[in-house]
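# Structure assessment
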Amino acid sequence: MSTAAVRVRKRKGAGLGLVAWLAGIVFFLPIAWMALTSFHSEQDAAKNPPALGAALTLDGYREFFGTGGGASPWPSLINSTVASLSSTLLVLLLALPAAYALSIRPVRKWTDVLFFFLSTKMLPVVAGLLPIYLFARNTDLLDNVWLLVVLYTSMNLPIAVWMMHSFLSEVPVAIIEAARVDGARLPTILARVVAPIALPGIAATALICFIFSWNELLFARVLTGVVAETAPVFLTGFITSQGLFLAKVCAASLVISLPVLAAGFAAQDKLVQGLSLGAVK
């Protein structure tokens, strides 16, 4: 390769890197602004134009955690944690054998099965809200966190099967055949052969399902009240007829976003590997 071609390639790489940094800054600015506003008083947060050099305070966080006499967020955070983690675990337990059957041991017309799974995500969520509400009311499951677990599992299962199908397609069939020759049965093959190889894809699927469950608002808003209220529903309670308290809302939003951010940061290497699995042959 000539020197001129190398220079052109370096310039293109530098240009793409600059564009990537600019895009990252643009996406990060709202989060940084929200974090800064959460440390301002309500008077400074409501100023227009905003006061960048305003004094910092923890009043917004004190209000969020109920030290000022408000409602405690801990029950809502616990409900969101239980609903998100439980539904994600159930999704993985159901999606792994389903994806195995559709990729490594394909069934007849498996493409039709995958399309059916994906087509269930095309139905508007609000279209199923009334039947589910009537079912929950008639079975005394309103304001029950385990109803949310079942709903979140059914909502995330199609996309999980679709994602894990592409990940499991990269698992070498020869390894599975060797395990079968050694006498390993299906549960052992899934747990000790398939799962370790497809771990990046499983981690990526789990993280996405956890994020979808943690952020879900519509069903949680309609089907819960006091006992099973989730964190997003608790957050909407800060918007009252008295007005919008920006500092308190920003503090609440930042705290509620921390579990998702922490999970994404902890699994970022597995997430990148999983989402790029099979992209390069």
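These remarks concern the structure in this document. (Residues numbered from 1 in each chain as written. Predicted model: local features only at pLDDT ≥ 70, side-chain atom pairs only at ≥ 80, totals over all residues. Heavy atoms only, no water.)

### Examining the side chain of Asn-79
Stated formally: Helix and strand assignments follow DSSP, with helices taken as H or I runs no shorter than four residues and strands as E runs no shorter than two, numbered in order from the N terminus. Burial here depends on accessible area, computed with a 1.4 Å probe over protein chains only, as a share of the maximum for the residue type. Under 20% is buried, over 50% is exposed, and the range in between is partly exposed. By the convention used here, residues are in contact when the closest approach between their heavy atoms is within 4.5 Å.
Position of Asn-79 among the secondary structure elements: in helix 4 (residues 74–103). Owing to a relative accessible area of 11%, Asn-79 belongs among the buried residues under this scheme. Sequence-distant contacts of Asn-79, defined by excluding residues within four places in its chain, comprise Val-145, Val-227, Ala-228 and Glu-229.

### Concerning the environment of Leu-246
Relative to the elements of secondary structure, Leu-246 occurs in helix 13 (residues 246–266). Residue Leu-246 is classed as partly exposed on the basis of its relative accessible area, which comes to 32%. Sequence separation of Leu-246 and Ala-46 is 200 residues, and the distance between their C-alpha atoms is 6.9 Å. In this structure, Leu-246 is in contact with Thr-37, Glu-42, Ala-45 and Ala-46, ignoring residues within four places of it in sequence.

### Points about the pattern of salt bridges
Pairs may arise between side chains of opposite charge once their charged atoms sit close together. Rules: Here a salt bridge means any side-chain nitrogen of Lys or Arg lying within 4 Å of a carboxyl oxygen belonging to Asp or Glu.
One pass over the full model with this rule turns up 3 salt bridges. Between Arg-62 and Asp-59 there is a salt bridge, with the nearest N and O atoms lying 2.8 Å from each other. Of this pair, Arg-62 and Asp-59 both sit in helix 3 (residues 59–64), separated by 3 residues, roughly a single helical turn. A salt bridge links Arg-180 to Glu-177; its shortest N-O distance comes to 3.2 Å.

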